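Here are the chains, one letter per residue:
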Amino acid sequence: MENIASLMHGFGVALTMHHVLLMMLGVLLGILVGVLPGLGAPNGVTLLMPLTFSMDPISAIILLTSMYWGALFGGSTTSILFNIPGEPSSVATTFDGHPMAKQGRATEALTYAFLSAGFGALVGVVLITVLSSWVAKFALRFSSPEFFAVYFLAFASFIGLGGSSPFKTVISIMLGFAFTAVGMDTVSGSLRLTYGIDELIRGISFLVAVIGLFGIGELLLTMEEGLRFDGVKARVSPRKVFATLLTLPRYWLTLLRSAAIGCWMGITPGGPTAASFMSYGLAKRFARRRDGFGKGREEGVIAPETADHAAGSSAILPMLALGIPGSATAAVMMGGLMIWGLTPGPMLFIEQKDFVWGLIASMYLGNVVAVVLVLATVPLFAAILRVPFAIIGPVILVICVSGAYTVAGASFDLWLVLIFGVVGYVFKKLDYPIAPMVLAMVLGDKAEDAFRQSAIMSGGDLSIFWSNGLVATIMALGVLLLVWPLLSLIVQRLRPSRDVGATTA
Amino acid sequence: MSTNERSLVSRFAMEVATGCATLAAGVVVVLGALEYEIGWDEGGPQPGYFPFYVGLIIIAASLGVLGQAFLNHRRSREAFITREGFARVMAFFLPLAAFTVGSYVLGLYVGTFVYLAGVMIFQGGYRWPFALAVAGGITGFFFVLFERWFQVPLLKGPLETLFGIY
């Protein structure tokens, strides 16, 4: 019940005119970046980040998280109306959302999408409210070896649970670590990996990398596919929205299952994209009638949307309580926290009560604001997409490049963003995962510090990572996830041979 | 991939090229780390320790990717990019590269204006008065947005200095 009291205090912090206005601004900007191809939640938040350096942390985080919600919602709008996912995490929404829109049921599809998304997000926030201080209290027992073990677990889970080749995931993570090592070493003060280039002394900013990898890389992909907007006209009538709302409880099982999947994938660094696909797949498998999926089934919209948003919001929990973000966007926000002078992790709950609970309270409000605003502005944002791409594409690009410059005011970053753009494009085409690289760039220094401090504590003896039950358990889990691809390969090899044996016998 | 779209670069070639590129990156990281001590002293791992092993892991994983490329992609005819796709990407990328170089020299505002107007006229097929007006309007909006509202100055070039806008 202590949490409820803290939450009420948080509402006191968040519910000022200034903050509610920031929330609305954030949501609208978020919908805009969600709707525009090439601009998504991670680099939308990144582009806004330099503008928040002068704000107080609470206002800044409210603006950025609201933008995050908005972007998640905006991505679904384009999925349904244009069959173009504005966000990777809303790809699964196109499967049934766009067919529904084509059948003249656009309002229904949008309403289902937004309401189930809102439901998913709320479940995620409730989870954060209930669990956060408990997780933080638990994490207070952590010292350097435990923190290193948790970082290790986070990266191992990318390797073990990610869909792509484990080698590619390892390369992505390790390149991220190498980029953070560039520049001044925080412990010894030596200038590492600068190769005599003065501009590299500052290091490589993860913000510039995100803009290049996600923004420019995504735009290049979009261009290659030859973008066509064949939208379905949408007018959202309040009566139809209300009628759809009344039918939503019928899908309670899908809603709950998808929310659970989303929360799990958000807390473990599976992320919203994986969550929405998994949820769609499970909805299909468990459906009483399997026909109609891919042709406009309601569950096909509800399942991925709920999971997407549940994952998006619950990704904030490990970021706040442990200092480990559950998604690329959360990673960017965590980087922001550190720039504003806050240290994410359990101490945040003790030292910055206003900030933490203000943020959690703003997540309740922000999502309600987002559902209302996104429903109200569907026609407006659909109209933006009718602006010819010969104008909007270059404008998005200019925003990306200018945004990269504002990070540090360094013209060298113009080159960096271009290089990261090409890398992002090639990596995406070859199925190298990009989120782990961003996570590594944000966590790199902290992970290295934790490792070095542990080594100092033990006098260079690596057995410190097995020295007590807690750290040993986390490390063991990490190692298990690390060898998971290998294990599943062995199981796969064994199984067919057994089948062959069975048929011959 | 349908067969009537002509493949320019195969997936296999690109997998190998990227594997070699990350391998080279790993070597560069290891060499950079070797400028410092990579062992241990009483203060724990020395500055080069972490990057050294990061580089080694990149090299090892790149070899893994190369191995997988030969196992999985060698026989497949899968295309990395088709001629048509490459043409579309270049039509976007080359102006972008020109924009970056131009902005580096002339400042971001002049770069933005020239880039937007150029793309609209030469690729969008708009008439030049319209293109100039739109490009000018957007550039002006960005100027007000960044310089006045957000107070984050963007890169300026010789033209701004000439007019004394600083």
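As the structure is a computational prediction, the values presented were derived from the model and not from experiment.

Asker: Would you take a moment to explain the overall build of chain A for this structure?
Answerer: Within chain A, the regular secondary structure consists of 21 helices and 2 strands. At 23 Å, chain A has a C-alpha radius of gyration in line with the 23 Å of a compact globule built from 505 residues. The principal-axis extents of the C-alpha atoms in chain A amount to approximately 75 × 70 × 55 Å. Here chain A holds 505 residues, and the buried ones make up 60% of them. Residue pairs at least 24 apart in sequence account for 79% of intrachain contacts in chain A once pairs closer than 6 positions are excluded.

Asker: Quick question: what am I supposed to make of the confidence of the model for chain B here?
Answerer: When pLDDT drops low, the exact placement of atoms in the prediction is not to be read closely. Within chain B, residue pLDDT values average 86, and 95% of them lie at 70 or more. Mean pLDDT across the elements of chain B ranges from a minimum in strand β3 (residues 44-45) of chain B, with 75, to a maximum in helix α1 (residues 11-33) of chain B, with 93.

Asker: Would you mind going over the environment of A:L122 with me for this structure?
Answerer: Along the polypeptide, A:L122 turns up in helix α5 (residues 91-139). Spatially, the C-alpha atom of A:L122 lies 19 Å from that of A:P325, the residues being 203 residues apart in sequence.

Asker: Would you take a moment to explain the domain arrangement of chain B for this structure?
Answerer: Accessible area lost on assembly of the parts is the figure often given for the size of an interface. Domain boundaries assigned for chain B yield domain 1 (7-77) and domain 2 (87-163). Each of domain 1 of chain B and domain 2 of chain B has a C-alpha centre, and these two points are 38 Å apart.

Asker: It is not clear to me how the UniProt feature "transmembrane region" (unreviewed entry) in chain B should be interpreted in this structure. Could you clarify?
Answerer: If you check UniProt for "transmembrane region" (unreviewed entry), the listed places come out as residues 12-34, 49-71, 92-122 and 128-146 of chain B in our numbering. Annotation note: span residues 92-122 of chain B, helix share 97%, strand share 0%, distance between end C-alpha atoms 12 Å.

Asker: Explanation requested: the packing of helix α3 (residues 41-48) of chain A against helix α14 (residues 328-339) of chain A in the structure shown.
Answerer: Residue and element names in this part refer to chain A. Between α3 and α14, the shortest axis-to-axis distance is 8 Å and the interhelical angle comes to 15°. The orientation of α3 with respect to α14, classified from their angle, is roughly parallel. In the crossing of α3 with α14, the sense of the turn from one axis to the other is right-handed. Contacts from A41, P42, V45 and T46 in α3 reach A328, T329, V332 and M333 in α14.

Asker: I would appreciate a short explanation of the interface of chain A and chain B in the present structure.
Answerer: The interface is formed by 44 residues belonging to chain A together with 51 residues belonging to chain B. Elements represented by at least two residues in the side of chain A that touches chain B include exactly α7 (166-181), α8 (206-224), α18 (389-408), α19 (412-429) and α20 (435-458) of chain A. Considering every element that reaches the side of chain A that touches chain B, the biggest residue donor is α18(A), with 10 residues. Counted by class, the side of chain A that touches chain B contains 29 nonpolar, 8 polar and 7 charged residues.

Rules used in this analysis
Residues numbered from 1 in each chain as written. Chains lettered and ligands numbered in written order. Predicted model: local features only at pLDDT ≥ 70, side-chain atom pairs only at ≥ 80, totals over all residues. Helix = DSSP H or I, 4+ residues; strand = E, 2+ residues; numbered from the N terminus. Rg over C-alpha atoms; globule rule 2.2 N^0.38 Å. Buried ≥ 20, exposed ≤ 12 C-beta atoms within 10 Å, placed from the backbone. Contact = placed C-beta atoms within 7 Å. pLDDT = per-residue confidence, 0-100. Domains from an automatic or database assignment. UniProt positions renumbered as here; feature names shortened; annotations may be inferred. Axes fitted to C-alpha atoms, helices over the stretch in contact; angles between N-to-C directions. Parallel < 35°, antiparallel > 145°, perpendicular 65-115°, else oblique. Left-handed = near helix turned anticlockwise from the far one by under 90°. Nonpolar A, V, L, I, M, F, W, Y, C, P; charged D, E, K, R; others polar.

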